[in-house]
Amino acid sequence: MPSNNLSRSQYALLSLPATAMGFALCVQISALSWILNTQYGLNLEEIGLVWLAGPLAGILGQVIVGVVSDNVWFMGGRRRPFIVIGGTIAALMILALPFLDVISEGMGVAAIATVALTVALTLDLAINISFNPARSVIADVTPEGEARTKGFTIMQTISGAFGVGAYLVAVIFNNYALIYLGAIIVFLFSVIPPFFITEPRSLDAAAEQEAEGMSAAAMDSTIDDVAIPKNSMKLNRGTDWPEFLKICFAHAFTWVGVQTMFIYTFGYIKSNIMGFDVNAELDPETNDLIGKQIGIAFAVLNTVGFLLPALVLEPIARKIGRVKTHAIAIAISAVGYLLIVLFGYTSIYAFGALMAVVGIGWAAIVSLPFAIMTETVDQRKMGLMMGLFNLSVVLPQVVASLLGGYIEHAADKSLIYMISAGTLAVSAALWLLVREQHSGVVGAAAGAGGSH
């Protein structure tokens, strides 16, 4: 099987750049809203506007970087330079988070929200510069079907494990320790691994060589540490636009709910579980306790998120297809959000247990759609199509960011999870309209191209 051409260590190496960006996102989720509220006094509406920087950066950033990375070659790679440069900038912006007041004073800017917005915009732009190429390189060097699913699944397993570790650092120590550790990991995982991944010089050439039955010896010239697997590429037939658009539309509803959870969960914990007004000024010890409870909740979510893809979702997808597997997982998450509305306020333990239910959908979100989407698009334009696909993430993030004022004025912050439950229920229904894609590399069950 083509998947045997790459060892587990090679798959792991391919996963590290995406893991770096995933870790950066974990730092954002755990610390950004928390630090803006507890250290700098921003309310939910202002925090939502700061988070708006990310999707605004992604709308153009991911598409532009995707197009450019499809068509340039420097620093010895197509994706490498964007991973290295973006990762370095992201690490520096993470380090800036605890010093927004110092930066504000040094620049003579009175409004801390303006500085926070600028740092968040730069951080998210850097993540967008790196994340798209970090995922595209996996598609570049793996064949369609089982091997590509394996590549994205292993990526999520490794990234998820580090994500859980990130939240545990916040729980055991605090969010400040997470910020400093995050800057180190993001920098190292972005700068070092790309130089040990050999990218194909031309995707067109690789596809044509395979189609013409080139010998293994001829293909060897493109293979080094990690490269295009021999006899695995096929001449691409182009993008299936109807299926691609259906996947994007279904995925968009998922991300309205998920991003709403990411941005505003700290408000729910502070208000509904801890019993404080969201904008109340609290002592440092209480603020740290809120930060730790945020870490516990998302550690549970991400533990389920990284364990299920390889252990549960992939075997189920082999039997019933990836579309049905994904739709079921998303529906379970919608139920989990509804249960949080009904019972999550009772204690942090009840909330954490229900986050495990939500984590079933999260496991699917971060492992299935990208693998399936890549099998509906032109391999030679993977960066562009990955960027377009990510509009189904960043545009919903704009919507979620703009909900801050609405949630700010709601007496019951469980509105956060009402929104999440409703949008994921719609998403689950829309996923059922997506047609399974069958790769010629593997059997129908194993190669079913569902949705991500």
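The structure displayed is predicted, hence computed values, not measured ones. (Residues numbered from 1 in each chain as written. Predicted model: local features only at pLDDT ≥ 70, side-chain atom pairs only at ≥ 80, totals over all residues. Heavy atoms only, no water.)

A closer look at the overall build of the chain
Helix and strand content of the chain: 19 helices and two strands. Out of the 452 residues belonging to the chain, those deemed buried represent 61%. Within the chain, contacts between residues separated by at least 24 positions form 83% of all contacts whose residues are at least 6 apart in sequence. Here the chain displays about 16,100 Å² of accessible surface, and carbon together with sulfur accounts for 68% of that area. (Helix = DSSP H or I, 4+ residues; strand = E, 2+ residues; numbered from the N terminus. Buried < 20%, exposed > 50% of the residue type's maximum accessible area, 1.4 Å probe, protein only. Contact = heavy atoms within 4.5 Å. Areas by Shrake-Rupley, 256 points an atom, 1.4 Å probe, with all protein chains shown as cover.)

With respect to the packing of helix α11 (residues 241–273) against helix α14 (residues 348–365)
Interhelical geometry of α11 versus α14 gives an angle of 165 degrees and a closest axis separation of 12 Å. Overall, the two elements α11 and α14 adopt an arrangement that is roughly antiparallel. For the pair α11 and α14, the crossing hand works out as left-handed. Two secondary-structure elements touch here, α11 through His251, Thr254, Trp255, Val258, Met261, Phe262, Thr265, Tyr268, Ile269 and Ile273 and α14 through Ile348, Phe351, Met355, Val358, Trp362 and Ile365. For the contact of α11 with α14, the per-class residue count stands at 13 nonpolar, three polar and no charged. (Axes fitted to C-alpha atoms, helices over the stretch in contact; angles between N-to-C directions. Parallel < 35°, antiparallel > 145°, perpendicular 65-115°, else oblique. Left-handed = near helix turned anticlockwise from the far one by under 90°. Nonpolar A, V, L, I, M, F, W, Y, C, P; charged D, E, K, R; others polar.)

Considering the confidence of the model for the chain
Of all residues in the chain, 88% have pLDDT values of 70 or greater, and the mean over the chain is 85. Taken element by element, the predicted model of the chain shows its lowest mean pLDDT in strand β2 (residues 448–449) (28) and its highest in helix α19 (residues 415–431) (98). Below pLDDT 50 for its whole length, residues 206–236 participates in 58 contacts with residues either more than four positions away or in separate chains. (pLDDT = per-residue confidence, 0-100.)

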